[in-house]
Amino acid sequence: MAEATANGLGQHALHATHAQDAATAPVAAEVHQEHPIKLYLVVWAWLFILSTCSYLVDYFGIHGYLRWSLILIFMMLKAGLIVAVFMHMAWERLAMMYAIILPPILVLVFVTMMVFEADYTLLTRIAFFGPGP
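Structure report, in brief. (Residues numbered from 1 in each chain as written. Predicted model: local features only at pLDDT ≥ 70, side-chain atom pairs only at ≥ 80, totals over all residues. Heavy atoms only, no water.)

**Examining helix α5 (residues 94–129)**
For clarity, the threshold we go by: Secondary structure elements are defined from DSSP: runs of H or I of at least 4 residues count as helices, runs of E of at least 2 residues count as strands, and each element is numbered from the N terminus. Multiplying 1.5 Å by the residue count of a helix minus one yields the expected span of that helix. The angle separating two fitted axes, one through the seven residues that finish at a residue and one through the seven that start at it, defines the bend at that residue.
With 36 residues, α5 should reach 52 Å at 1.5 Å per residue; the first-to-last C-alpha distance of 51 Å fits that figure. Within α5, the axis deviates most sharply at I101, by approximately 35°, and proline P103 lies no more than four positions further along. Once α5 ends, the next one or two residues include G130, with phi positive near 90°.

Below, the structure written as structure tokens:
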């Protein structure tokens, strides 16, 4: 642009050039992105497989921490697939992904910290006040 005015075209010719460029450029509202149906079918199949695995944890009678760990892992994987594909987060800007995904991760970190603090608090109460009546 600076070269156009330095070469003597003037402001009127410069604005006419910009108007012509704007008329030939595609309008952003007309551009529409569609994802292939195969992607949604593959994600649906993975959700079905993960739900079946979650059901099989109960069917085989797995108990204790392993049961809850497996159920939570399957739940987080299913939620991640749903958020990434069906809510279109995989195609969002990185800042939007951080705004949606980072808070639940921080909540899980803080809950884990509270679990360890609760164990420490119980240990100190038993150490100083005894095991109880």
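**Brief notes about the layout of surface pockets**
Definition in use: Any residue with an atom within 4 Å of a point lines the site, the site being either a cavity, points on a 1 Å grid over the protein atoms alone where a 1.4 Å probe fits but cannot get out, or a pocket, an open set with protein on both sides within 12 Å along at least 5 of 7 lines. Grid points are joined across faces, edges and corners, and a volume is the space filled by probe spheres set on the points. When residues are sorted by character, Ala, Val, Leu, Ile, Met, Phe, Trp, Tyr, Cys and Pro go into the nonpolar class, Asp, Glu, Lys and Arg into the charged class, and all the rest, Gly among them, into the polar class.
By volume, the largest pocket amounts to about 260 Å³. What lines the largest pocket is a set of 13 residues, and nearest its centre among them are M76, A79, G80, V83 and I101. Mapped onto the lining of the largest pocket, the elements with two or more residues apiece are α4 (65–86) and α5. For the lining of the largest pocket, the leading source of residues is α5, giving six residues. In the lining of the largest pocket, the residues fall into twelve nonpolar, one polar and no charged.

**Observations regarding the packing of aromatic side chains**
The condition that has to hold: The pairing test for Phe, Tyr and Trp rings, Trp by its six-membered ring, is centres within 6.5 Å, and the orientation test on the planes gives stacked under 30 degrees, edge-to-face over 60, and tilted for anything in between. The buried label goes to any residue with under 20% of its type's maximum accessible area, the exposed label to any with over 50%, and the partly exposed label to all in between, with areas taken from a 1.4 Å probe on protein chains only. Distance and angle both matter: a charge sits over a ring if NZ of Lys or CZ of Arg is within 6 Å of the ring centre and within 35 degrees of the ring normal.
Per the counting criterion, the structure on display carries four aromatic pairs. Both rings, one in W44 and one in F48, keep their centres 6.0 Å apart while their planes meet at 20°; by these two values the pair is stacked. Pair noted here: W44 and F48 are both in helix α3 (residues 37–59), with a separation of four residues, about one helical turn. In this structure, W44 and F48 share a single accessibility class: exposed. Ring pairing ties together the aromatic residues Y55, Y59 and F60, which thus form one cluster. Geometry around W68 places R67 over its ring, the cationic atom sitting 5.0 Å from the centre.

**Observations concerning the environment of L81**
Mapped onto the fold, L81 is located in helix α4. Once the C-alpha coordinates of L81 and W44 are considered, the two residues, 37 residues apart in sequence, prove to be 9.1 Å apart.

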